[in-house]
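Reading the structure
As a plain string of letters, each chain reads:
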Amino acid sequence: MSATTADQARARARNKSGSLRRQHQWALWGSYTALSAFVIMFLTPPFYMLMTSLKTSAEISAEKGNPWIVQSPTINNFVELITSPSFQRYFFNSAWVTTLVVIISMSIAILAAFSLSRMGFKGSQAIATGVFLTYLVPPSLLFIPLFQIVGWLNLLDNTWVLVLLFPTLAVPFCTWIMIGYFGSIPKELDEAALIDGASYMQILFQIFIPVALPGIIAATIFAFTVGWGAFLYPLAFLYKGEQLVLTVGIVSELIRGDVFAWGKIMAACVIGALPPILIYTFLMDYYIAGLTAGATKG
Amino acid sequence: MAEVSLKKIVKEYEGGVQAVKGIDLDIANHEFVVLVGPSGCGKSTTLRMIAGLEEISDGEIWIGGDVVNDVPPRDRDIAMVFQNYALYPHMSVFENMAFGLKLRKFPKEEIRKRVDEAARMLDIVPLLDRKPKALSGGQRQRVAMGRAIVRNPKVFLFDEPLSNLDAKLRVQMRTEIKKVHQMVPTTTVYVTHDQVEAMTLADRVVVMNQGIIEQVGAPQELYHNPATRFVAGFIGSPAMNFLPVQVLDEGGLKIQTADGTRLAVPPQKVDRYGPHKGKRMTLGIRPEHLTETRENAKAGVQQMNALVDVVEPMGMETLVHFFVDGVAMCARVDPLTIARPGEILPLAADMNNMHLIDDQTHKVV
């Protein structure tokens, strides 16, 4: 009697695990299908960009042939760009502006997030919410009043204007990510450090920054993306060739009237996309860990 | 090493909520004092005020002869062990233990010497190069203790350090803590909600309830002579039985339960309970003083019948749960005693260990 019951129980367990396996397989198929669709959708433009950058102008303008395949690959577009003094200037401008934006934004964001999440002064909650709300204001609405301010400061058509303006976009989001990340660090950790004899600055530099490194990297990548990829503000505030950054420089240099140098434009885009791609590739795991912590524990 | 004194300490939060209501406590040099009480009784707040992690609303805290009210935690020369270990996750065990010494600019050789000494004492020498995530809960707690020990502070503070460990490890670590205190007899304030931890570790136990100190005393004193109904009920497991009774003087002092059972008060307690005759009071009697009936019972042992509700065999003893006029009671009987639910079991009540509690003041008479 008991043996029969045990057999039945085992059979039930087998059926149950079989149905779980089937469900798991369906879920896997669903995930792969959806992910494949997304991968194709998002990788098509970069693929097209890379293919076009390797074509000659004649091949690009030829009406015959498959536009997705390069018939006679050339690196001329890249060579011409890299040896062009104006392109070098744009790249260099983008690089130093982005570096300064990252340094300034992260310095402000880390200090702000630490004080807002840990020092518990009156109104810190309200300020933290306010910081996030400023991020919700679209930059396209801000550039008109900012134009006035920049005019007063006599910074129009000066690359330094971007060093001043980009942190206004990067700091709120970076602070918000860091508040979330610092908030996920147990309070006992800073209390233990306080008792061990650490000052607030020592707690920040010796405990919080090393422990919150994934969050800091996530915020750094965001600040980098803001500095490197922004188009609207450079377009609105910079005009002269030597002041331009890469995003606007490509457009103003390689589009003359209705003539588009597609090969070079695409090559410039590939070169422009390389630094973010490299950074994302090496720091992706940290980036995801940082964003998740900020999202769930903030 | 130092003595610690709390003088009329108050902690009031915004909105007027008082977590600690003016407590006084003197802790002697080398003493191991345990603050025990239920959640929200103010024990952790008191400890955090001693540590300097909470501001004091009123009163004075003295450590080693100095008022430390406005002294920041790092200058109080204390070390604290937290419930969740609070180890720095990016540092190795060695670095965790050395952190406080490095901040205080100790020479490297001295740091190495102190960490090695503490690691040997706590048996964590092989773990010194590991990161906290590669340690078990018990090992982490040892490292947290090591971090406190290397500082050689005036006072050790423990905030429920064993609560995150499983039952077996908790017993083991309890012994370790006691051993460490025997080797390094630093003045210690230890907070727990576990009365067994309190009883086993403490030189003196401080029972707190709703922001006040109910009683301070040696573990045995608290157990045998509780001052209030709260202490009587909180210390001891299973908890003391409480039964509403009336004190009568009919051919000797007696107490009568609601179901009419009369139990004679032993002669040595007559003087103490005599003035309360005629009053309704509460009888307190521990489960181990309600046992199976025995031949040749000693003086003061009275018989009462219990209608058995639940029987819990524990191996070395059996717990018998029963009701007296709707009040749940528990007796500790010999495991060979036959007790079945629904049957009457005669019990021997050792009235020599009875307590009478005033229903108005909740004080033990």
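Residues numbered from 1 in each chain as written. Chains lettered and ligands numbered in written order. Predicted model: local features only at pLDDT ≥ 70, side-chain atom pairs only at ≥ 80, totals over all residues.

Section: the nonpolar core
Cys174(A), Met178(A) and Val206(B) are the most contacted members of the largest nonpolar core, which has 168 residues in total. If you tally residues by element for this core, the top one is helix 7 (residues 160–183) of chain A, at 15 residues. Apart from the residues lying within four places of it in its own chain, the contact partners of Cys174(A) are Ser105(A), Met106(A), Ala109(A), Ala219(A), Phe222(A) and Ala223(A). (Core = buried A, V, L, I, M, F, W, Y, C linked by C-beta atoms within 7 Å. Buried ≥ 20, exposed ≤ 12 C-beta atoms within 10 Å, placed from the backbone. Helix = DSSP H or I, 4+ residues; strand = E, 2+ residues; numbered from the N terminus. Contact = placed C-beta atoms within 7 Å.)

Considerations on the domain arrangement of chain A
Taken domain by domain, chain A comprises domain 1 (3–47) and domain 2 (83–297). Its C-alpha centre places domain 1 of chain A at a distance of 40 Å from the equivalent point of domain 2 of chain A. (Domains from an automatic or database assignment.)

A look at helix 7 of chain A
Residue and element names in this part refer to chain A. Here helix 7 is 24 residues long and its end C-alpha atoms lie 34 Å apart, about the 34 Å a rise of 1.5 Å per residue gives. Of all the bends found along helix 7, the most pronounced is centred on alanine 170 and spans about 35 degrees, while proline 172, a proline, follows it within four residues. Burial analysis of helix 7 places 19 of its 24 residues in the buried class, which makes it a mostly covered element. (Expected span 1.5 Å × (residues − 1). Bend = angle between axes of the 7 residues up to and from the residue.)

What about the interface of chain B and chain A?
Contact residues are listed per partner, giving 17 residues for chain B and 14 residues for chain A. Looking at the side of chain B that touches chain A, the elements with two or more residues in it are strand 6 (78–81) and helix 2 (93–103) of chain B. Across the side of chain B that touches chain A, the residue classes tally to 12 nonpolar, 3 polar and 2 charged. (Nonpolar A, V, L, I, M, F, W, Y, C, P; charged D, E, K, R; others polar.)

Notes on the pairing of strand 7 (residues 155–159) of chain B
Residues and elements named next belong to chain B. Most of strand 7 is tucked away: 5 of the 5 residues are buried. Both faces of strand 7 are covered, namely the face carrying Val155, Leu157 and Asp159 and the face carrying Phe156 and Phe158. Sheet topology places strand 6 next to strand 7; 4 bridges connect them, and they run parallel. Paired with valine 81 across the strands is phenylalanine 158, a residue of strand 7. Sheet topology places strand 7 next to strand 8 (residues 187–192); 5 bridges connect them, and they run parallel. Bridge assignment links aspartate 159 to a residue of strand 8, and that residue is valine 191. Remark: the strand 7/helix 5 (residues 167–183)/strand 8 crossover connection has right-handed handedness. (Pairing = 2+ DSSP bridges. Right-handed = clockwise from strand over helix to strand, strands pointing away.)

Examining the confidence of the model for chain B
On average, residues of chain B score 91 in pLDDT, and 100% of them are at 70 or above. For this predicted complex, the interface score ipTM comes out at 0.84, while the overall pTM is 0.80. (pLDDT = per-residue confidence, 0-100.)

Some details on the packing of helix 2 of chain B against helix 3 (residues 108–122) of chain B
Residues and elements named next belong to chain B. Close contact between helix 2 and helix 3 brings their axes to 10 Å; oriented N to C, the two are set at 135 degrees. Here helix 2 is positioned oblique relative to helix 3, judged by the angle of their axes. For the element pair helix 2 and helix 3, the recorded crossing hand is right-handed. Contacts from Phe94, Met97, Ala98, Leu101 and Lys102 of helix 2 reach helix 3 at Ile111, Arg114, Val115 and Ala118. By residue class, the composition of the contact of helix 2 with helix 3 is 7 nonpolar, no polar and 2 charged. (Axes fitted to C-alpha atoms, helices over the stretch in contact; angles between N-to-C directions. Parallel < 35°, antiparallel > 145°, perpendicular 65-115°, else oblique. Left-handed = near helix turned anticlockwise from the far one by under 90°.)

Focus: the sheet that holds strand 4 (residues 58–63) of chain B
Residue and element names in this part refer to chain B. Spatially, the 4 strands line up as an open sheet ordered 2-1-4-5, and their pairing is antiparallel. Pairing within the sheet leaves two strands with one partner each, and these edge strands are strand 2 (18–27) and strand 5 (66–67). As defined by bridge partners, strand 1 (residues 4–12) adjoins strand 4 across 5 bridges and the pair is classed as antiparallel. The residue of strand 4 that forms the bridge with valine 10 is aspartate 58. The strands touched by helix 1 (residues 43–51) within the sheet are strand 1, strand 2 and strand 4, with strand 1 carrying the most contacts at an inclination of about 115 degrees.

Concerning the sheet that holds strand 7 of chain B
Residues and elements named next belong to chain B. Strand order in the open sheet formed by 6 strands is 6-7-8-3-9-10, and the pairing between neighbours is mixed. The open sheet has two edge strands, strand 6 and strand 10 (212–217), and neither has a second partner. Looking at each pair of strands side by side, their axes are set apart by 20 degrees on average, direction ignored. Both strand 3 (residues 32–36) and strand 8 contribute to a ladder of 5 bridges, which runs parallel. Opposite valine 36, over in strand 8, you have threonine 192 as the bridge partner. Against the sheet, helix 4 (residues 137–150) makes contact with strand 6 and strand 7, and its axis sits at roughly 180 degrees relative to strand 6, the strand it touches most.

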